[in-house]
Amino acid sequence: MKDFGLFAERDAARAERKLSELNRFAARREIMLETIDLEALDRNTAFDILETDEDLAETIAFGPIYVHHLSTLEAQRAEIAAMLPKAA
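Residues numbered from 1 in each chain as written. Predicted model: local features only at pLDDT ≥ 70, side-chain atom pairs only at ≥ 80, totals over all residues. Heavy atoms only, no water.

Turning to its location among the elements, Arg 29 is positioned in helix α1 (residues 12-34). Within the structure, the side chain of Arg 29 is placed 3.2 Å from the backbone oxygen of Ile 49, a separation counted as a polar contact. One polar contact links Arg 29 to Asp 53, side chain to side chain, over a distance of 2.6 Å. In this structure Arg 29 touches Ile 49, Thr 52, Asp 53 and Leu 56, once residues within four positions along its chain are discounted. (Helix = DSSP H or I, 4+ residues; strand = E, 2+ residues; numbered from the N terminus. Polar contact = N/O pair within 3.5 Å; in protein donor to acceptor, adjacent residues only side chain to side chain. Contact = heavy atoms within 4.5 Å.)

This is the structure:
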């Protein structure tokens, strides 16, 4: 899977901005790819384009879940820390 850098972010605000940028990139990329005849390209190039599209779509699909995870991470840590003394 191609790494678009979203899942390397550890800050919710930066991850949300990166996801927004990826959405804009995907929209512009789709417009550009509509002008290309994929059948006229060599097989490897066409495969690389389609593979990148699939990876980009997967990153965009899971992106909101990851951003939500980052935004709730501190609350989750506090909840776990509060439960640790009870477990011991």
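Still more ground to cover, so stick around.
One broad rule of soluble globular proteins: the nonpolar side chains tend to lie buried together. Listed in full, the twelve residues of the largest apolar core are Phe 4, Leu 6, Ala 12, Ala 15, Leu 19, Leu 22, Ala 26, Leu 56, Ile 60, Tyr 66, Val 67 and Leu 70. Among the secondary structure elements, those contributing two or more residues to this core are α1 and α2 (43-87). When residues no more than four places from it in sequence are discounted, the contact partners of Leu 6 are Ala 15, Lys 18, Leu 19, Leu 22, Thr 59, Gly 63 and Tyr 66. (Core = buried A, V, L, I, M, F, W, Y, C linked by side-chain atoms within 4.5 Å. Buried < 20%, exposed > 50% of the residue type's maximum accessible area, 1.4 Å probe, protein only.)

We now examine α2. Its 45 residues give α2 an end-to-end C-alpha distance of only 58 Å, which falls more than 12% under 66 Å, the value for a rise of 1.5 Å per residue. At Thr 72, α2 shows its maximal bend, which comes to roughly 45°. Close packing links the buried residues of α2 with α1. For α2, the N-terminal capping position is held by Asp 42, with its side-chain oxygen 3.2 Å away from the main-chain nitrogen of Asn 44. (Expected span 1.5 Å × (residues − 1). Bend = angle between axes of the 7 residues up to and from the residue.)

That's the geometry; what it means functionally is another story.
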